[in-house]
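Residues per chain are reported as follows:
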Amino acid sequence: MKNYIRREMTCLIKINSSIYYLSNNDDKERPTLGLICGENYSLVVDAGNSVQHAQEFLKEIEALNVPPVKYLVVTRGHWDHCLGMNEFGATIIVNSRTDQVIKDWQGYSFDDDSLQQYVEGGMMTSKCMEVIKEEMSGRDSFRLKSPDIIFEKSLTIDWKQSDGSLLPFFEHNS
C-alpha cells in the first residue's frame, strides 16, 4: 500500500522506506520526480520543469527524515526534466545524449523577447514559454549549469539504500 505524504500543493508518494516520488502535473507540464534514499545520502531522479517546481520538491524532501541529496540524475534533456537542476546543489549526472541537449539549453536566453522568438521558430511550445514565465524568477539572467558526471551507456552507483538493498544502475540505450 502506498503512503501519501501531503503538504500544501504537492504530494510525495512513498513506495517503500527508500523510494518516494512526486506525481506529474499535466496542467503545468510537470513530470514525475523521484527520490531514492541511501544510508548516507539521497539521489533525485529528474530536476523538474522550473525553479519553482524544483524548490517545491526540495521542500517536500526537507520535510522527510532522509539523508541529504547528493546526486541528481537527469533522465533526458527535455525542458521539463532539466530546467530545475540548478536548485539542487547536487552532483548532476546525465548520459551523453542528454548532455548534448542541455548544452543547447545553456545557449538559450529566457527573457520575454527570446522566449517569443523560440516559440515562433518552433524551438519551444507556447505552453513551455508560459510555464517558464510563471515559474522561473530571475529568468532574465538564468543559465543552466553543466552536468558534473556524463556517462555513455550505463552507470552504477554503489551504495546501500536505507533498507539495505543496493541502488540499481542507470542505463541509457541510444
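Throughout, a residue's number is its position along its own chain's written sequence, starting from 1. Local features in this predicted model are restricted to residues whose pLDDT is 70 or higher, and side-chain atom pairs enter the listing and the counts only when it is 80 or higher, whereas totals over whole chains, interfaces and linings include all residues. Computation of side-chain values: all heavy atoms of the structure, hydrogens and water removed.

Draft legend 1. Quick peek at the overall build of the protein. Across its full length, the protein carries five helices and ten strands. Remark: exposure states derive from per-residue accessible area (1.4 Å probe, protein chains only) relative to the maximum for the residue type, with buried under 20%, exposed over 50%, and partly exposed in between. Expressed as a percentage of its 174 residues, the buried residues of the protein come to 48%. Contacts are assigned to residue pairs that have any heavy atoms within 4.5 Å of one another. Restricting the contact set of the protein to residue pairs at least 6 apart, pairs at least 24 apart contribute 57%. All accessible areas in this document rest on Shrake-Rupley with a 1.4 Å probe, and a residue is counted as covered only by the protein chains that are shown. Per element, the accessible surface of the protein, about 9100 Å² overall, is 45% carbon and sulfur. Labels follow the DSSP assignment, with helices taken as runs of H or I lasting at least four residues and strands as runs of E lasting at least two, numbered in each case from the N terminus.

Draft legend 2. Region of the structure containing the packing of aromatic side chains. Here a pair means two rings of Phe, Tyr or Trp (six-membered ring of Trp) with centres within 6.5 Å. Their orientation is stacked below 30 degrees between planes, edge-to-face above 60, and tilted elsewhere. Under the criterion given, the structure shown has five aromatic pairs. Consider the rings of tyrosine 41 and tyrosine 71, whose centres lie 5.6 Å apart with planes at 75°: the pair is edge-to-face. Here tyrosine 71 lies in strand β6 (residues 69-73) and tyrosine 41 lies in the loop between β4 (33-37) and β5 (42-45), a separation of 30 residues in the sequence. For tyrosine 41, a relative accessible area of 19% puts it in the buried group. Summarising the aromatic geometry, the rings of tryptophan 105 and tyrosine 108 are spaced 4.7 Å apart at their centres and angled 45° between planes, so their arrangement reads as tilted. For the pair shown, tryptophan 105 and tyrosine 108 are each scored as buried. Members of the aromatic cluster, each reached through a chain of ring pairs, are Trp105, Tyr108, Phe110, Tyr118 and Phe142. Lying over the aromatic face of tyrosine 41, lysine 70 brings its terminal NZ or CZ to 4.5 Å of the ring centre. Throughout this description, the term charge over a ring refers to an Arg CZ or Lys NZ atom that lies within 6 Å of the ring centre and within 35 degrees of the ring normal.

That's the geometry; what it means functionally is another story.
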